[in-house]
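Geometric and topological summary
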Amino acid sequence: MLPLTIDHITKHYGKDVVVDDLTFTVEPARVTCFLGPNGAGKSTTMKVLLDLATADHGRCTIGGLRYRDLPDPARTVGVVLEPNAFHPARSGRNHLRTIADGAGIGRPRIEHVLDAVGLTHAADRHVGGYSLGMRQRLGLAAALLGDPPVLVLDEPGNGLDPQGIRWLRDLLRERAASGGTVFVSSHLLAEVEQLADDVVVINHGQLVTTGALASLQRSGTTVRTTAPERLTQILERAGATVHRGRDGELVVRGMPIDEIGDRAHSARIALHELAAQAGSLEELFLDWTSTGDGTAGDGTAGEGTADGGTADEGTASDAPAAEETHTDREAVLL
Amino acid sequence: MTPLALVRAEIRKLTTTKLAWGFLAVLVVIAGLNAAIVAFGTDMGGSKAFIATAADQQSLMSFAFNAMLGTALFGAIAAAREYGHATVVPTFLTTPRRHRAVLAQLTAVAGFGAALALVGQALVVAGVAIALHSTSYGFLVSITALTQLLATTTLAGAVGAVLGAGLGVVIRNVGGAVTAVVLVLFVVPPLTAQLLADAGTWIPTSLFAVISGASTDVALWAALLGIAAWALIPAGAGLLAVERRDVV
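Keep in mind that what you see is a predicted model, and the values were worked out from it rather than measured.

Tallying secondary structure elements over chain B gives 10 helices and 0 strands in all. In chain B, the succession of α and β elements from N to C terminus is α-α-α-α-α-α-α-α-α-α. A compact globule built from 248 residues should have a C-alpha radius of gyration of about 18 Å, and chain B, at 19 Å, falls within 12% of that. Structurally, chain B occupies a C-alpha span of about 60 × 45 × 30 Å along its principal axes. Taken over 248 residues, chain B has a buried fraction of 48%. Within chain B, contacts between residues separated by at least 24 positions form 82% of all contacts whose residues are at least 6 apart in sequence.

This is the structure in structure tokens:
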């Protein structure tokens, strides 16, 4: 059982702060998805965790040890990081052999992982002729070579066909069920919704929220009223995140349901509906990462909940106007 | 992750692309050119006096500097392409103590460089020996001199490969690394020789002349140390850089 600990890491590239005092833990026996807009700092965080980049401050550990101090990294952590980390003129099998040779892994294991990812038929072809999905499968095969208890995967589902996505999901769930630590970044929110036990959301290098996905999804409130604009202003001024749902209803996060009712009552605003809502991850993601100017992420969303707290503790981001939210949603899906 | 396993992985990288074969093809062409010069070339007076003595023939076959240049390019490409293709990422994930992986890479390219240079020198010798049959001169170079020639060129191949790989690790870009090799071996030596008194003794061509027995400008051990420095300085810079810089 090897937890991953990200402890107050900060990373600058030049004058840009890419990761800013980021702290969270990835627990074993869970699938933890790492979410954030493009440029939020997810890949950099993973690189710091894997000692491929050095943090300016803070420390990352895997089971209490820095990556470089692991006695057998290839058999401890499986990694998918760079989507095209292959020599195009090398065959898939030879790519795996170069890794296996260095890690002291035998040839039978290479054949096993090639078979597991469905690449045996193309193993002797040059990687330069592989499709994106085949390259992704080869990357996954490399990650699984050492049969590691920890998986750190950056966008592993990119380019996979539906069967591949299903296979990957089953694999990751199986790994977590057997006590493994699975840490996956992804933009495929529908897939994350099916896969994740926990999520960690960052924006502009800062933690936005972390916790169990199920409890985070239950954190919204649906409100129907005849004065949505006025109520939105009141609730946002009080620190809540508000956006319009698909049917024109308001979806409020970051404020308890009774407080929403009390504030509406105080403002003499009639409510036609006030109900706890099980929001989609897509809506949650947009709430967590959108800004008032309609662009993704300002990094000023509420306090992080590195202790695994509920969404109420960590989702008070600036709310976008409803139209802007929909624009953001389309951008994310594209 | 024994050192041997890491070297094996690096050798696997070198043998599973066509890079080494490309350089071998170049060596065959060079050997062919040398043979053609012997078979068809003449000096200004129309004679073949340039192959008349053992010293002339040895000079014609001397391949050490060419080997150093060729293997330096080989080492530079082999090391720098790792960064270009990001294949260095799985390497450093397997071996997070990065200097160990780079040492293994330097060892592997040194071995390959030595082998390529030896094969190149052997091809040149064979080409000249065969071409001499078409002339009125025999093969005059003694076995001792021939052995010294082969040993010097093999050393030059290893030195060149390590020099190139060191530059490749520092620069991390194939075009930049190749340019650096050309600058270091073609521009820096004559420039240094002109600017600093006695510096000409320590440029690769002078040092190889001493090692191959063609010159006695400095002692053999000093020449060996001098030529080693040409490889070890860029290799050391590469080892330092790889530990200090982010990988990606």
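Once the structure has been displayed, the description carries forward.
A count of helical and extended segments in chain A gives 11 helices and 13 strands. Across the 334 residues in chain A, those meeting the buried criterion constitute 51%. Considering only intrachain contacts with a sequence separation of at least 6, the fraction spanning at least 24 residues in chain A is 71%.

Each partner contributes residues to the interface: chain B has 25 residues there, and chain A has 28 residues. Sorting the residues of the side of chain B that touches chain A by element identifies helix H1 (3-15) and helix H5 (88-94) of chain B as the ones contributing at least two each.

Attention now goes to helix H10 (residues 281-289) of chain A. Across the 9 residues of H10 of chain A, 8 count as buried, placing the element largely inside the fold. Buried residues of H10 of chain A: Leu281, Glu283, Leu284, Phe285, Leu286, Asp287, Trp288 and Thr289 of chain A, and no others.

Below, the discussion takes up the pairing of strand E1 (residues 4-13) of chain A. All names here are of chain A. Of the pairings in the sheet, the one linking E1 to strand E4 (residues 57-62) comprises 5 bridges and is antiparallel in character. Across the sheet, isoleucine 6 pairs through a bridge with cysteine 60, a residue of E4. As paired strands, E1 and strand E2 (residues 16-26) are joined by 7 bridges and run antiparallel to one another. If you follow histidine 12 over to E2, its bridge partner there is valine 17.

All names here are of chain B. Compared with an ideal rise of 1.5 Å per residue, which puts 21 residues at 30 Å, helix H4 (residues 64-84) spans 30 Å between its outermost C-alpha atoms and is within 8% of the ideal. Most of H4 is tucked away, with 18 of its 21 residues classed as buried. The positive-phi residue at the C-terminal boundary of H4 is alanine 86, with phi of around 60°.

Soluble globular proteins tend to pack their nonpolar side chains together in the buried interior. Judged by nonpolar contacts, the single largest core of 158 residues is most densely connected at Ala141, Leu145 and Val152 of chain A together with Ala76, Val159 and Val162 of chain B. At 18 residues, helix H6 (residues 98-132) of chain B tops the list of elements feeding residues into this core. Shared between two domains, this core holds at least three residues of each, these being domain 1 (4-214) and domain 2 (217-333) of chain A. Other than its neighbours up to four places away in sequence, valine 152 of chain A contacts Met46, Leu49, Leu50, Val77, Val79 and Phe183 of chain A. In this structure, Leu231, Val242, Leu250 and Ala264 of chain A belong to the second largest nonpolar core, which totals 11 residues.

Time to look at the environment of methionine 255 of chain A. Residues and elements named next belong to chain A. Along the chain, the position of methionine 255 falls in the loop between strand E12 (250-253) and helix H9 (257-266). Since 22 C-beta atoms lie within 10 Å of it, methionine 255 is described here as buried. Filtering out sequence-adjacent residues up to four positions away, methionine 255 remains in contact with Leu235, Ala238, Gly239, Ala240 and Ile260.

Residue and element names in this part refer to chain A. The strand order across the open sheet built from 4 strands is E11-E12-E10-E13, with neighbouring strands paired in antiparallel fashion. Among the strands making up the open sheet, the edge pair consists of strand E11 (241-244) and strand E13 (271-277). For this sheet, the mean angle separating the axes of adjacent strands, direction not counted, is 25°. With 6 bridges joining them, strand E10 (residues 220-225) and E13 adopt antiparallel strand pairing. Residue pairing in the sheet places glycine 220 in a bridge with glutamine 277 of E13. The strands touched by helix H8 (residues 228-237) are E10, E11 and E12; relative to E12, the strand with the most contacts, the crossing angle is about 5°. H9 contacts E10, E12 and E13 of the sheet and is inclined by roughly 165° relative to E13.

Residue and element names in this part refer to chain B. Relative to each other, helix H3 (residues 54-61) and H6 sit at 135°, their axes nearing to 10 Å. When the axis of H3 is compared with that of H6, the two are oblique. The handedness of the crossing between H3 and H6 is right-handed. Taking contact as the criterion, the partners of Gln57, Leu60 and Met61 in H3 are, on H6, Val124, Val125 and Val128. A per-class count over the contact of H3 with H6 returns 5 nonpolar, 1 polar and no charged.

Residue and element names in this part refer to chain B. Overall, the prediction assigns chain B a mean pLDDT of 93, with 100% of residues at 70 or greater. By mean pLDDT, H3 is the weakest element of chain B at 90, and H6 is the strongest at 96. Predicted complex, confidence summary: ipTM 0.88, pTM 0.84.

Further remarks concern the packing of helix H2 (residues 92-103) of chain A against H1 of chain B. The N-to-C vectors of H2 of chain A and H1 of chain B enclose an angle of 165°; their axes lie 7 Å apart at closest approach. Relative to H1 of chain B, the element H2 of chain A is oriented roughly antiparallel. By crossing handedness, the relation of H2 of chain A to H1 of chain B is classed as right-handed. Together, Arg97, Thr98, Asp101 and Gly102 of chain A of H2 of chain A and Ala5, Leu6, Arg8, Ala9, Arg12 and Lys13 of chain B of H1 of chain B make up the contact between the two elements. Considered class by class, the residues forming the contact of H2 of chain A with H1 of chain B number 3 nonpolar, 2 polar and 5 charged.

Moving on, we get to the sheet that holds E4 of chain A. Residue and element names in this part refer to chain A. One open sheet accounts for 3 strands, arranged E2-E1-E4; its pairing is antiparallel. Each having just a single partner strand, E2 and E4 make up the two edges of the open sheet. Pairs of neighbouring strands in the sheet enclose a mean axial angle of 20°, with direction left out of account. Most of the contacts of helix H1 (residues 42-49) go to E1, to which it runs at about 115°, and overall it touches E1, E2 and E4.

What counts and what doesn't
- Residues numbered from 1 in each chain as written.
- Chains lettered and ligands numbered in written order.
- Predicted model: local features only at pLDDT ≥ 70, side-chain atom pairs only at ≥ 80, totals over all residues.
- Helix = DSSP H or I, 4+ residues; strand = E, 2+ residues; numbered from the N terminus.
- Rg over C-alpha atoms; globule rule 2.2 N^0.38 Å.
- Buried ≥ 20, exposed ≤ 12 C-beta atoms within 10 Å, placed from the backbone.
- Contact = placed C-beta atoms within 7 Å.
- Pairing = 2+ DSSP bridges.
- Expected span 1.5 Å × (residues − 1).
- Core = buried A, V, L, I, M, F, W, Y, C linked by C-beta atoms within 7 Å.
- Domains from an automatic or database assignment.
- Axes fitted to C-alpha atoms, helices over the stretch in contact; angles between N-to-C directions.
- Parallel < 35°, antiparallel > 145°, perpendicular 65-115°, else oblique.
- Left-handed = near helix turned anticlockwise from the far one by under 90°.
- Nonpolar A, V, L, I, M, F, W, Y, C, P; charged D, E, K, R; others polar.
- pLDDT = per-residue confidence, 0-100.

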